Each structure stands twice: as structure tokens, then as C-alpha cells.
Amino acid sequence: MANANTNNTEAAHVSIDSEPAHVISTAVECHDDDDVGALHDVVQGLPSHAVKDLLSVGVCTRCILRLFGIRGNIYSISAISPSILNSVIGEQRHDEDISSNSKESEFEEVLCALCLGILQFTYCDDKEIPVKKGSANDMAVAISELVKREGYQIDSFSLEVSVPPIILENEHSVRLYMKRKYGTEPWFQGGPFSQSISAKDALKFSLAKPLETLLDCKSGISNFRIRLTFSHKSSKVVQSVAVSKQGCKRIKTGNCVNSLDDSVAGDIECSDLADATVERSFDGLQDNESSEFFKFPLEKVNDACHLVLLCQRTPIYFGGRYLKYSRNVSQTRWIIDDERMGEASVEEIIGSNIQPLCQGDNYKFHAAGREDIDVRMLGSGRPFLVEVQNARRIPSEAFVREIETNINNLENKLVGVKNLKVVGIEGWTMMREGEAEKQKQYAALVWISRPLEDVDLDSISSLKDMKILQGTPIRVLHRRSPLQREKIIHWMKIERIGGSSQYFLLHLCTQAGTYIKEFVHGDLGRTHPSIGSILGCRAEILQLDVTDVKMDCFLTE
């Protein structure tokens, strides 16, 4: 597991800066004889005249390999170059290739007309300054150092790549050119070009192996994502034309990834949608030789792609139950006309103790229902989820216990938590499924306008699964639609208070969503029946506590 010692919670969203080649770890160098031999064997199996043709029109070595459907870690070999291809296919003598460093360097400085330099590890940084990495290893070192500098703990990673649509247009043109020129030759009829791999997959092949070594973990499906987004100024027109052919009225173009705030997930999905839409457009043009996208020879590339690197962990969810001991604490932060309502909120107390320890960018608080600011939450507590976004630290069981202890030992004792644990996205399902079916129990301090009699206790306790009709309460009409709602009062019980004939505790269990305050006083007849109408007198509620939320989720650790 990679674990950096920094505590930097700024967005991991920067361009990779240029670094000297001497920082490359020898542990990931690929210059051994086996790798070079494997490359030699692969190249020997390619039609030499077609390879020379592709080199002559400005296609780089890795693009040639991927056009012929070559797969695997061969893309990470540092020795891949046009001179290697030439030496194998007889263009140059091998000894000349080794000694002619200046000639090879001159060849490599030309940006690939197909991938725009992406598979040559050339790009522009945030200041639009061209950066040239010497190899896949160089680029992997820069990526791994960003991951470590940001302080991520990781046990795996997924590598994601987004490339400009112009590359798909170029590939389409090259395929049609090769089909027209070599379509009758046996090697072409064998279908190598139908097995070609994309530029993004070739880049993944190039970087995955050295990154696994540098980060000491495997790549694959993971909650930690390393995303390389390449954009090019020539791609916006291509993308808009392709998207219009798919019937899309609106789609985001250009460089979508801007920050690690709430918009990041949407931006990534937007970029993926744009990529998929454009890919479908060009897939449909594979054999259309009259396509308007057929442009050959390919235009010379003068500007490299702009690269943005984004490191992000998918949200981590903490589930549990909270207790609220104060009648001056709201569930979520409550501001009216720039003035805070209440002294604190459950959301802030719990979230502010979880987020810093996870080193996340921000958090979101979700609960199964809510109570008013002046209502306490007691008993088993109310189920909640805290969603921590882009956490750098992976929570262990000891870590979760530490968070729970910290919250429960706060000096002000406004809020407590029970059964805190890390849950998957299924925590959402558990909470939402139970929310609609849940029952809640309450204890209400009630005053009535006449003395309480023994017959009142019997009449109240005899009512089981009583249906009531509630109009939207007057106190929330400004934010809720005026509706009639049928709710069920499952049971009730009156507890006398010693020394008082007009005050009592009303214990009751109701269907979720019942307005308890209105059920007691009737809300000027908008709730019927009510405690007041049942007892035949005026009734007022003075205090209210939630004593149980009957849901199956987060009941035990």
C-alpha cells in the first residue's frame, strides 16, 4: 500500500510537470534482453512495406503497433522507436541505429499525426509549455509522485484515459487509406486492422506496468482513479459534428475536468459520455469510404495535447445512528438571512469529526428523516450516512472507533453516535428502503385544558392502528405543497405526571411522516382526529422527543 506522509487536502488536479530522466527508478526500467527480443519478434511479424508507409506519413511506433492489434506490456518498453522498426524491417543497419542517437532524436521530435504525441509522452502543461517525457517510465514516475504527494493510501488503482475526438477521425482516415492501398493483399484480408486497439488502451498498456511497480499495488477495478484527460484545440469541431450526427442536442466539450468539488463526478461522466458518443459515430463510419471524415494525408501536428491529471477516490460512506440531546441543535446547518438558527447542527458535529481524519475534500450528510430543531433524538438513534468525497486515508476499524469515541466525548454533549461503521453504496439502499416503511416512537409532554381522568387513559390506550387525515401544517405551508395525507397511529399510552392533573406524557408509535405536534393540538382542524378532539378539550404540546426509529439498518456494530 502506498501511503504519503503529507496532509495536503487540495485538489489532486494538475498537469504533470517535466522532470529529468535520472529520477526514474531502475525497478521499472524495461531495457532487458527479453523485452527487446519480444519487440523484435513482434515487428518481424508485420508487413514491412506497410510499416514503412505508416512511418512515412508521420505515424509513431506505438500507433503502428496498436493499428496492427498488438497488445500487452510491450508498449511500456523504452526501446520502442521508429529506428527500431527500421532496423528490424531492413531500413537501417542495427549498428547504425544504435549509434545514430541524433538522427533518432530528430525523428522522435516530430509529433505523431495520429495520436498527436500522446503515445510519445509529449503534451502541454497548464501554462501551455510543451513537455516531453523520455519514456512511459518517466511519465509513470511523475504520476506516482503526484499520488504520493497528495497523501493517498491506496491498495489498487484504476487508470482512465480520455483522448480528443480528432484522434478517432485520424484513425478512421488511416484505416480507409490502408484499405484502399492494401485491401487486396493477403495480410490485410486477415483483418489485422479490425483488431486494432485504441490510443487510450495503448497508453494504459504503456503506463500500467511501471505504475504498479512504483505504487506497489495492482491496477484494475478500484475505488481510486487516476484519470488522464487530453484535449486538443482541433477536436471541438470534430466532436460537435460527431455528436450532432448522434442526435444529441447538447453535450459538454473541451476540458471538462476543473476541480475536485461536487462537479467532478458530473464532469467525468460528461467526458465519458462525450467520448462514447464520438466513438459510436466513428464506429458507424468504419467502412464508409465516402465519409466526410476521410482526410489523407494526415495534417502535420504542430501543437501537442493539453494534459490534465486527476486523482480521485470514489466516496467513502460512514453509516450509524445519531442521538441529539439538545433542543437547540438542527439536523443540518440552518441559516436564515445570514443568521444561524441554533447553536450547532448534527451534520456539522459529525461531519467535522470524520472529514479531517479521512483527509477528504468535503462531505455530505444524509439521514433517514429529520426531527425539528427543538425535538430531541433519543433511544436507538436515527440512521444516517456521511459521504466523504476524495478521502486520502482508508479507514480501518480502529480508525472508525476513534471517530466514534471523539464525537461521544465532546465537551458540549450535544450529539452522540452509535454503531458507526464504514459501509458500501448499499448503505443508501438500506436506508432508503427502510425509510418508507419505518415506524417511529415518541414521548410528548402535553397540557390539556381540563383535569386528566382515568377514563382518558383507557380511551387513548384502546385506540390501535387509528387512521388520521393531515393537511399540510400551517407552519410549513410556505415550503410544502397543500396536500391531504393519511397516516396511521399504531398505539398510544398516557403516563401521568405526579402532582399535576393537566400535564401528562403521551407515548405513541406512528407511521413515518406523521406530524406529531399537529396530531396533538389539531392545527386548527387541519388534522383529524387529534388528541384534543379525542379528549374533547384543548390540547397543547410542550416538548417532544423521538424515542425510537424502527429501521433495520445500523442497529449493531
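Below is a short write-up of the structure. All values derive from a computational prediction rather than experimental measurement.

Our next topic: helix α7 (residues 136-149). When the terminal C-alpha atoms of α7 are compared, their 20 Å separation across 14 residues agrees well with the 20 Å that a helix rising 1.5 Å per residue should span. Within α7, 11 of the 14 residues are buried, which leaves it mostly tucked inside the rest of the structure. Every buried residue of α7 is listed here: Ala136, Asn137, Asp138, Met139, Ala140, Val141, Ala142, Ile143, Ser144, Leu146 and Val147. A distance of 3.3 Å separates the backbone nitrogen of Asn137 from a side-chain oxygen at the start of α7, and that oxygen is part of Ser135. In the stretch just after α7, Gly151 is the one whose phi turns positive, near 85°.

Looking now at the pattern of salt bridges. Scanning the model with the defined rule gives 24 salt bridges in all. In this structure, the salt-bridge partner of Arg66 is Glu171, at a minimum N-O distance of 2.5 Å. You can see Arg66 sitting in helix α3 (residues 61-67) and its partner Glu171 sitting in helix α8 (residues 165-182), a full 105 residues away along the chain. Across this residue pair, the class does not change: Arg66 and Glu171 are buried. Here Glu371 makes a salt bridge to Arg382, at a shortest N to O gap of 2.8 Å.

Contact geometry for helix α2 (residues 48-56) and α8: axes closest at 12 Å, N-to-C directions at 140°. Considering their axes alone, α2 and α8 lie oblique with respect to each other. Where α2 crosses over α8, the handedness of that crossing is right-handed. Side by side, α2 and α8 meet where His49, Ala50, Asp53 and Leu54 of the first sit next to Val174, Tyr177, Met178, Lys181 and Tyr182 of the second. For the contact of α2 with α8, a count of residues per class yields six nonpolar, one polar and two charged.

Cut-offs applied
Residues numbered from 1 in each chain as written. Predicted model: local features only at pLDDT ≥ 70, side-chain atom pairs only at ≥ 80, totals over all residues. Heavy atoms only, no water. Helix = DSSP H or I, 4+ residues; strand = E, 2+ residues; numbered from the N terminus. Expected span 1.5 Å × (residues − 1). Buried < 20%, exposed > 50% of the residue type's maximum accessible area, 1.4 Å probe, protein only. Polar contact = N/O pair within 3.5 Å; in protein donor to acceptor, adjacent residues only side chain to side chain. Salt bridge = Lys/Arg side-chain N within 4 Å of Asp/Glu carboxyl O. Axes fitted to C-alpha atoms, helices over the stretch in contact; angles between N-to-C directions. Parallel < 35°, antiparallel > 145°, perpendicular 65-115°, else oblique. Left-handed = near helix turned anticlockwise from the far one by under 90°. Contact = heavy atoms within 4.5 Å. Nonpolar A, V, L, I, M, F, W, Y, C, P; charged D, E, K, R; others polar.

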